[in-house]
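Structural features, examined
Here is how the chains run, residue by residue.
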Amino acid sequence: MTVDLFAGIPVSDYAAAAAWYERLLGAPPSFLPNDTEAVWELAEHRYVFIEVRPDHAGHAMHTVFVSDFDARIAQIAERGLEPAGRETYDNGVRKATFRDPDGNEIGIGGEPA
């Protein structure tokens, strides 16, 4: 059985959010279902999307765990975004937290160094 995951992020300004997520994710949206949403496919059957919902903007919290943590964080930095914070947990797992223009939290996690 195939399961698709769509993780939604409410935003207040479509243009600003779309531009920011293009920088974070390194690509334009995979598809645009309508004029208030943009969808990026992170991996097969795994999507993140922004949707204009000003009353809910700024409250999303998502973490994407990647196998190429250091390279991914470096690529994001090359596109002009720096994490708002970094953590290393007791077990060595690392996390860099980014905040979009509305304050939504997008974490990039990775295995111990």
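Figured I'd write up the structure that's included with this text. (Residues numbered from 1 in each chain as written. Predicted model: local features only at pLDDT ≥ 70, side-chain atom pairs only at ≥ 80, totals over all residues. Heavy atoms only, no water.)

1. Quick word on the side chain of Arg-94
- With respect to the element layout, Arg-94 can be found in strand β7 (residues 94-99).
- Side-chain polar atoms of Arg-94 contact the side chain of Asp-70, separated by 2.8 Å.
- When sequence neighbours within four positions are dropped, the list of residues in contact with Arg-94 reads Phe-69, Asp-70, Glu-87, Thr-88, Ile-108, Gly-109, Gly-110, Glu-111, Pro-112 and Ala-113. (Helix = DSSP H or I, 4+ residues; strand = E, 2+ residues; numbered from the N terminus. Polar contact = N/O pair within 3.5 Å; in protein donor to acceptor, adjacent residues only side chain to side chain. Contact = heavy atoms within 4.5 Å.)

2. Here's the deal with the nonpolar core
- Residues Ile-9, Trp-20, Tyr-21, Leu-24, Ile-50, Phe-98 and Ile-108 are the most contacted members of the largest nonpolar core, which totals 21 residues.
- For this core, the secondary structure elements donating two or more residues are β1 (5-11), α1 (14-25), β3 (37-43), β4 (46-52), α2 (69-78), β7 and β8 (105-110).
- Examining the composition of this core, we find that 5 residues originate from one element, α1, more than from any other.
- What Trp-20 contacts, discounting residues up to four positions off in sequence, is Leu-81, Phe-98, Arg-99, Asp-100, Pro-101 and Ile-106. (Core = buried A, V, L, I, M, F, W, Y, C linked by side-chain atoms within 4.5 Å. Buried < 20%, exposed > 50% of the residue type's maximum accessible area, 1.4 Å probe, protein only.)

3. Focus on the sheet that holds β7
- If you trace the 4 strands from one edge of the open sheet to the other, you get β5-β8-β7-β6, paired in mixed fashion. This sheet does not close on itself; its edge strands, each paired only once, are β5 (61-66) and β6 (85-88). On average, adjacent strands in this sheet sit at an angle of 20 degrees to one another, irrespective of strand direction.
- Against the sheet, α2 engages β5, β6, β7 and β8, with an angle of about 20 degrees to β7. (Pairing = 2+ DSSP bridges. Axes fitted to C-alpha atoms, helices over the stretch in contact; angles between N-to-C directions.)

4. What to know about the pattern of salt bridges
- Summed over all chains, the structure comprises 4 salt bridges.
- Note that Asp-68 and Arg-72 form a salt bridge whose closest N and O atoms lie 3.1 Å from each other.
- Residue classification places Asp-68 among the partly exposed positions, given a relative accessible area of 29%.
- A relative accessible area of 30% places Arg-72 in the partly exposed class.
- Counted as one network, the salt bridges with shared partners bring together Lys-95, Arg-99 and Glu-105. (Salt bridge = Lys/Arg side-chain N within 4 Å of Asp/Glu carboxyl O.)

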